[in-house]
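Architecture at a glance
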Amino acid sequence: MPCKPDGPTDLILNWYQKNKRDLPWRNTQDAYAIWVSEIMLQQTRVDTVIPYYKQFMSRFPDAAALAAASEDEVLPAWKGLGYYSRARNLHRAARILIDKYGGKFPRILKEALLLPGIGEYSAGAVLSIAYDLPVPAVDGNVLRVISRLNGLRQDIARNTTRKTVAQIVAGIMPADRAGDFTQALMELGALICIPLSPRCDACPVSSLCCAFRDGSQGEIPVKTGQKAALEISVHAALIRKGGRILMEHRQDQSLLSRMWGLPVLLDPPEDMSEIPAVFMQKYGLALLPGPCLGQCRHVFSHQIWNIRVYSHILHTKGADVIRGTGNTLRWVTREETEGLAIPAAFQKMLALTAGQDG
DNA sequence: CAGACGTGGAA
DNA sequence: TTTCCAAGTCT
């Protein structure tokens with residue numbers, strides 16, 4: 001049966017003050033800087049984010065700089081980080097800030113929630129951390145910490161659980177130190193109240209914790225299992241001409257949308273003789289597959305690509321830019337690929353073909 | 001609500 | 001190698 005802890009607030013705040021990590025986004029109160037960090041940190045580890053964050057803030061130091069940039073300049077700064085809609089939404093939202101909010105992140109919760117890429121968590125995080133407004137920010141850490149503290153056994157994947165936890169956080173959030181408390185709760189979840197083998201011996205609120213008392217740390221939080229990713233066979237085309245490679249700007253696809261990659265066929269026909277017809281239909285290109293240059297595997301969150309990269313001979317007479325069905329193809333040099341937003345999946349494929357340009 | 005949406009690190 | 005992720009959002 002759930003129990004209500006009495007006064008974890010000060011214990012958590014004091015612990016945070018002594019144990020918080022020195023992170024780049026903790027040396028500022030600038031709402032833009034904090035906003036960028038929150039977006040980058042979504043489903044992404046701190047260690048992974050740090051170098052991207054520093055580079056991004058240097059390149060786009062404020063909302064005006066980001067809004068003034070084109071998407072072709074913003075996406076390369078995000079390449080390799082994953083979840084690229086975050087970058088597109090951040091960019092769009094920066095333009096909305098400039099157009100409608102005087103370049104400042106809104107202080108009103110409902111206005112913040114209207115911005116693309118800002119959900120309940122991020123709105124609460126920016127408002128509390130940047131503006132010290134007492135708005136709860138419930139992320140995976142907070143879900144875990146509060147669930148264990150209160151002995152909550154509701155599935156944390158459910159929205160109703162998130163709301164319950166937000167209520168509990170609102171009830172113990174100090175009005176004068178909202179930002180510190182939001183970060184303290186997440187820091188506790190990141191360093192002490194970790195998913196596996198929590199360090200309860202070092203926890204400032206173990207004496208108040210229902211899960212610790214019951215020894216149920218391993219059972220809480222309750223989380224529904226994820227489905228196995230679908231395995232897909234992928235035929236990737238390396239098409240060369242005069243030291244250049246034909247790259248595709250993935251305009252109309254949902255996965256890796258508006259990123260650059262080699263032309264690919266998902267679930268290609270097993271009979272290689274049928275490949276040219278499929279390329280003609282998808283890209284309007286007359287291609288003849290040649291030798292396989294290598295293979296690799298790339299795991300996305302919801303699907304797995306088993307990739308073979310083939311050299312191809314192009315029979316289509318070529319303009320520099322060839323328009324396929326909804327996608328743009330462009331001849332680029334190896335050097336030029338570095339400035340393009342090419343996600344990890346396609347970086348792997350290109351690595352397989354390095355030195356194959358002659 | 002369930003599923004799409006990336007990636008690399010840890011156990 | 002396999003499993004589970006890590007400071008979520010959108011549809």
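Residues numbered from 1 in each chain as written. Chains lettered and ligands numbered in written order. Predicted model: local features only at pLDDT ≥ 70, side-chain atom pairs only at ≥ 80, totals over all residues. Heavy atoms only, no water.

Scanning the entire structure with this criterion turns up 9 salt bridges. The partner of E231 in a salt bridge is R297, with the nearest N and O atoms 3.3 Å apart. Of the two residues, E231 sits in strand β1 (residues 230-241) while R297 sits in strand β5 (residues 287-299), which places them 66 residues apart along the sequence. Of the charged contacts in the structure, one is a salt bridge between E336 and R244, with a shortest N-O distance of 3.5 Å. On the criterion of sequence distance, the pair formed by E336 in helix α14 (residues 334-337) and R244 in strand β2 (residues 244-249) is long-range, its members being 92 residues apart. Residue class for R244 comes out partly exposed when judged on its relative accessible area of 34%. (Salt bridge = Lys/Arg side-chain N within 4 Å of Asp/Glu carboxyl O. Helix = DSSP H or I, 4+ residues; strand = E, 2+ residues; numbered from the N terminus. Buried < 20%, exposed > 50% of the residue type's maximum accessible area, 1.4 Å probe, protein only.)

With that settled, the discussion passes to the protein's contact with DNA strand B. Taken together, 22 residues lie around DNA strand B, and R45, K227, S254, H302 and A344 are the ones closest in. Each atom of DNA strand B within 4 Å of the protein was classed as base or backbone; sugar and phosphate made up 59%. Contacts to DNA strand B include H302, whose side-chain N or O atom sits 2.6 Å from a phosphate oxygen. A distance of 2.6 Å separates a phosphate oxygen of DNA strand B from a polar backbone atom of A344. Mapped onto the surface near DNA strand B, the elements with two or more residues apiece are β5 and α15 (344-352). Among the residues forming the surface near DNA strand B, the class breakdown is 10 nonpolar, 9 polar and 3 charged. (Near = heavy atom within 4 Å. Polar contact = N/O pair within 3.5 Å; in protein donor to acceptor, adjacent residues only side chain to side chain. Nonpolar A, V, L, I, M, F, W, Y, C, P; charged D, E, K, R; others polar.)

The buried fraction of helix α9 (residues 140-150) amounts to 10 of the 11 residues, a majority that puts the element mostly inside the structure. Turning to α9, its buried residues number three or more, namely N141, V142, L143, R144, V145, I146, S147, R148, L149 and N150. Summarising the contacts, the buried residues of α9 are in contact with α10 (159-172), α11 (178-191) and α12 (210-214). Looking one or two residues past α9, G151 carries a phi angle of roughly 65°, positive in sign. (Contact = heavy atoms within 4.5 Å.)

Before going further, it helps to spend a moment on the environment of T44. Considering the arrangement of structural elements, one finds T44 in the loop between α2 (31-41) and α3 (46-59). Through-space distance from the C-alpha of T44 to that of L127 is 21 Å; in sequence the pair is 83 residues apart. For T44, the contacting residues outside a window of four places in its chain are V49, L81 and R86. Engagement of the side chain of T44 in a polar contact is seen with the backbone oxygen of M40, the distance being 3.4 Å. Engagement of the side chain of T44 in a polar contact is seen with the backbone oxygen of Q42, the distance being 2.8 Å.

To continue, consider the packing of α3 against helix α5 (residues 71-78). Between α3 and α5, the shortest axis-to-axis distance is 9 Å and the interhelical angle comes to 160°. It follows from the interaxial angle that α3 and α5 lie roughly antiparallel. Of the residues in α5, those in contact with Y52, Q55, F56 and R59 of α3 are E73, V74, A77 and W78. Considering only residue class, the contact of α3 with α5 consists of 5 nonpolar, 1 polar and 2 charged. (Axes fitted to C-alpha atoms, helices over the stretch in contact; angles between N-to-C directions. Parallel < 35°, antiparallel > 145°, perpendicular 65-115°, else oblique.)

The next point concerns the protein's contact with DNA strand C. Around DNA strand C sit 26 residues, and of these G117, S122, D139, N141 and P195 come closest. The separation between a phosphate oxygen of DNA strand C and a polar side-chain atom of Q43 is 2.7 Å. Within the contact set of DNA strand C, a phosphate oxygen lies 2.9 Å away from a backbone nitrogen or oxygen of G119. Those elements that provide at least two residues to the surface near DNA strand C are α2, α8 (120-131) and α9. Taken together, the residues of the surface near DNA strand C sort by class into 10 nonpolar, 8 polar and 8 charged.

Tallied over the full model, the rule gives 8 aromatic pairs. The interplanar angle of 35° and the centroid separation of 6.0 Å between the aromatic rings of F279 and Y283 together place this pair among those described as tilted. Of this pair, F279 and Y283 both sit in helix α13 (residues 275-283), 4 residues apart, which is roughly one turn of the helix. For the residue pair F279 and Y283, the accessibility class agrees, reading buried in each case. Ring geometry for W305 against F346: centres 6.0 Å apart, planes inclined by 85°, an arrangement best described as edge-to-face. (Phe/Tyr/Trp six-rings, centres within 6.5 Å; stacked < 30°, edge-to-face > 60°.)

A few words now on the confidence of the model for chain A. When pLDDT is averaged across chain A, the result is 93; 94% of the residues are at 70 or more. Taken together, the stretch residues 1-5 has pLDDT below 50 and engages in 9 contacts with residues farther than four places along the chain or on a different chain. (pLDDT = per-residue confidence, 0-100.)

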